[in-house]
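Each chain is listed here by its residues.
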Amino acid sequence: MSTMRAVILKRPHEIAVEEIELITDLAPDEVLLKVELSAICGTDIHPYEGRMEVEDDLRLGHEFLGTVVDAGVGVQLWSAGDRAVASCVVNCGFCHMCRRNQPGACVGLRIFGLGLTTGGLDGGQAEYVRVPAADLSMRRIPEGGAGTDEDYLMVGDILTTGYEAVRAHYTPGDVVAVVGAGPVGLCAAMSAQVLGASKVILIDKIASRLKEAEAFGAIAVNADETNPVDAVLDLTEWRGADVVVDAVGHPSALATAIRLPRAGGSLAIPGVYNEETLEMPWGEIWFKGIKISGGAGNITRYMDEALALVVEGKLNPGRMVSHRMPLSEAAEAYRMFHAREAMKIVLDPPADPPSVPVPDQERSP
Ligand SMILES: [Zn+2]
Ligand SMILES: [Zn+2]
């Protein structure tokens with residue numbers, strides 16, 4: 001039996017890197033990917049904190065990139081040696097919703113590394129991962145593009161998630177306001193900038209994150225110092241923002257975000273909510289005619305556009321990587337990420353070099 005190492009959530013707050021069986025039997029639509037890079041995401045923190053109920057010994061990770069080792073008999077587009085990034089959300093491609101180009105609403109939706117309630121796919125924070133519906137869910141990493149592997153890695157989730165939050169609701173020239181300057185919020189803000197927003201406003205309370213936002217031309221609003229509703233009104237001739245993104249996924253962020261769209265504007269909510277009910281200013285929402293959208297990202301619908309912008313060098317989400325750590329240090333990486341000591345951590349399975357924080361200047365454009 002061959003084995004591989006994988007990041008395993010033993011129970012909330014307890015991560016182990018264990019040697020487990022490497023399954024090489026593939027379903028007809030699957031490929032076996034040798035993982036070269038994976039990342040820890042805010043979504044991983046839901047099971048890590050115990051806020052999302054998952055089975056014991058869960059293999060984590062839904063953001064990964066690697067090289068195809070083997071492909072199932074039905075796979076048309078992939079063969080050994082191809083390099084690819086996978087969508088974190090796997091959709092079927094055939095159901096009513098998929099045929100209407102809404103893969104995030106797929107009846108057979110599955111997500112890597114988040115347990116049985118999201119389809120039970122093994123996670124990609126491992127040396128190998130099986131990717132189902134590979135022809136649909138993976139994209140080739142082009143040779144000679146302007147992106148780095150860390151840029152391409154983000155296409156599978158956070159970049160495309162942030163990109164969709166803006167792109168799906170937006171008209172060129174819009175003012176885009178983003179609540180939360182974490183990785184998804186920064187991806188949304190940099191996407192808005194590239195798509196041609198007239199202003200991009202980023203709201204957070206962490207000064208270093210706001211500095212990162214300013215580095216690529218966004219207007220930073222520190223919610224500890226300024227009322228974000230007033231700030232957005234001031235910047236939009238008292239209208240409110242055309243497109244608002246809640247990239248946090250916490251009721252306090254939503255309470256701010258819901259007050260920021262102009263009449264007829266949009267609120268996109270890529271942030272994850274588990275609450276059954278929330279108090280909302282319904283009269284204001286109705287009178288303003290705010291369009292609200294949420295749910296799992298339509299990754300396979302938008303990842304080609306996001307990928308193309310990375311290839312052209314117009315989007316560089318890899319700049320958000322603050323720490324590169326070997327897979328063996330995953331427990332420490334999760335602790336740091338959970339403690340907000342790191343903006344974005346990539347795990348590097350094969351090389352296992354000592355962990356190094358990335359100096360700030362390397363992340364500037
Ligand atoms: Zn993610
Ligand atoms: Zn489907």
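Per chain, residue numbering runs from 1 following the sequence as it is written. Following the order in which they are written, the chains are lettered starting with A and the ligands numbered starting with 1. Under the rules for a predicted model, residues below a pLDDT of 70 receive no local features and side-chain atom pairs below 80 are neither given nor counted, while totals for whole chains, interfaces and linings still include all residues. Remark: hydrogens and water are excluded; side-chain values derive from all non-hydrogen atoms of the structure.

Put simply, helix α5 (residues 158-167) and helix α6 (residues 183-195) touch, their axes get as near as 7 Å, and they point 55 degrees apart. With respect to α6, the element α5 is oriented oblique. In terms of crossing hand, the pair formed by α5 and α6 is right-handed. Counted together, Ile158, Leu159, Thr161, Gly162, Tyr163, Val166 and Arg167 of α5 and Pro183, Val184, Cys187, Ala188, Ser191, Ala192 and Leu195 of α6 form the full contact between these two elements. Split by residue class, the contact of α5 with α6 holds ten nonpolar, three polar and one charged. To get an axis, a line is fitted to the C-alpha atoms, and for a helix only the part in contact is used. The angle between two axes follows their N-to-C directions and goes from 0 to 180 degrees. In DSSP terms, a helix is any run of H or I states spanning at least four residues, a strand is any run of E spanning at least two, and both are numbered starting from the N terminus. In what follows, roughly perpendicular refers to angles from 65 to 115 degrees, roughly parallel to angles under 35, roughly antiparallel to angles over 145, and oblique to any angle outside these ranges. Left-handed describes a crossing in which the near helix is turned anticlockwise from the far one by less than a right angle; the clockwise case is right-handed. Throughout, a residue-residue contact means that at least one pair of heavy atoms, one from each residue, lies within 4.5 Å. Here the nonpolar group is Ala, Val, Leu, Ile, Met, Phe, Trp, Tyr, Cys and Pro; Asp, Glu, Lys and Arg are the charged ones; every other residue, Gly included, is treated as polar.

Another point: the domain arrangement of the protein. Residue ranges for the domains originate in an automatic or database domain assignment. Considered domain by domain, the protein is made up of domain 1 (3-140 + 321-363) and domain 2 (164-293). Using only C-alpha atoms to locate each centre, domain 1 and domain 2 end up separated by 28 Å. In this assembly, eight residues from domain 1 lie in contact with nine residues from domain 2. Two parts lose some accessible area (1.4 Å probe) when they are put together, and adding that loss for both gives the buried area. Here domain 1 packs against domain 2, burying approximately 700 Å² in sum over the two surfaces, 51% of which is carbon and sulfur. The salt bridge criterion pairs a side-chain nitrogen of Lys or Arg with a carboxyl oxygen of Asp or Glu, the two atoms within 4 Å. Counting across the interface, domain 1 meets domain 2 through zero salt bridges. Throughout this description, a polar contact denotes any pair of N or O atoms lying within 3.5 Å of each other; where both atoms belong to protein, one of them has to be capable of donating a hydrogen while the other can accept it, and for residues adjacent in sequence the pair is counted only when both atoms sit in side chains. Connecting domain 1 to domain 2 are zero residue pairs in polar contact (both at pLDDT 80 or more). Per-class residue counts for the side of domain 1 that touches domain 2 are two nonpolar, two polar and four charged.

As a further point, take the nonpolar core. By nonpolar core we mean a set of buried residues, namely Ala, Val, Leu, Ile, Met, Phe, Trp, Tyr and Cys, connected to one another through side-chain atoms within 4.5 Å. Exposure is judged per residue with a 1.4 Å probe applied to protein chains only, and the accessible area is read against the type maximum: over 50% gives exposed, under 20% gives buried, and values in between give partly exposed. Of all hydrophobic cores here, the largest spans 53 residues; its most connected members are Leu159, Val176, Val178, Leu186, Leu202 and Val245. Elements represented by at least two residues in this core include exactly β3 (31-39), α4 (149-155), α5, β11 (175-179), α6, β12 (199-204), β14 (241-246) and α11 (299-311). In this structure Leu202 touches Val178, Gly180, Ala181, Gly185, Leu186, Ala189, Leu210, Ala213, Ala218, Ile219, Ala220 and Val221, once residues within four positions along its chain are discounted. Residues Ala231, Ile258, Ile269 and Ile285 belong to the second largest nonpolar core, which totals 19 residues.

Around the zinc ion (ligand 1), the protein contributes the donor atoms Cys41 (SG), His62 (NE2), Glu63 (OE) and Asp157 (OD), at 1.8 to 2.2 Å from the metal centre. Metal coordination here is assigned from N, O and S atoms located within 2.8 Å of the ion, or within 3.2 Å for Na, K and Ca; omission of water means that sites may look incomplete. Each label reflects the angles at the metal, where four donors whose angles all fall between 85 and 135 degrees are tetrahedral, four or six donors whose opposite pairs open beyond 155 degrees and whose other angles stay between 65 and 115 are square planar or octahedral respectively, and the rest are irregular. The coordination sphere of the zinc ion (ligand 1) comprises four donor atoms, whose angles at the metal cover 93 to 133 degrees; the geometry is tetrahedral. Linear spacing of the donor residues for the zinc ion (ligand 1) on their chain is C-x20-H-E-x93-D. Here the residue Cys41 occupies a position in the loop between β3 and α1 (45-49), and His62 occupies one in the loop between β4 (58-59) and β5 (63-71), the gap between them amounting to 21 residues. Judged by relative accessible area, which is 2%, His62 ranks as buried.

All right, on to the pattern of salt bridges then. Scanning the model with the defined rule gives 22 salt bridges in all. Asp242 serves as the salt-bridge partner of Arg262, at 2.4 Å between the closest nitrogen and oxygen. Of this pair, Arg262 sits in strand β15 (residues 261-268) while Asp242 sits in strand β14, placing them 20 residues apart in sequence. Note on Asp242: relative accessible area 10%, which makes it buried. Among the ionic pairs, Lys288 bridges to Glu284, the shortest N-O distance being 3.5 Å.

One open sheet holds the three strands; their spatial order is β2-β1-β4, and the pairing between them is antiparallel. Each edge of the open sheet carries a strand with a single partner, namely β2 (14-21) and β4. In the packing of helix α12 (residues 330-338) onto the sheet, the strands contacted are β1 (3-11) and β2, and the crossing angle to β2 comes to about 145 degrees. Note: two strands are recorded as paired if DSSP finds a minimum of 2 bridges between them.

This paragraph deals with the coordination of the zinc ion (ligand 2). The coordination sphere of the zinc ion (ligand 2) contains the protein donors Cys92 (SG), Cys95 (SG), Cys98 (SG) and Cys106 (SG), at a distance range of 2.3 Å. Given four donor atoms and angles of 103 to 116 degrees at the metal, the environment of the zinc ion (ligand 2) is assigned as tetrahedral. One chain supplies every donor for the zinc ion (ligand 2), spaced along it as C-x2-C-x2-C-x7-C. Of the two residues, Cys95 is situated in the loop between β7 (89-90) and α2 (96-99) and Cys106 in the loop between α2 and β8 (110-111); the sequence distance between them amounts to eleven residues. Since its relative accessible area comes to 11%, Cys95 is described here as buried.

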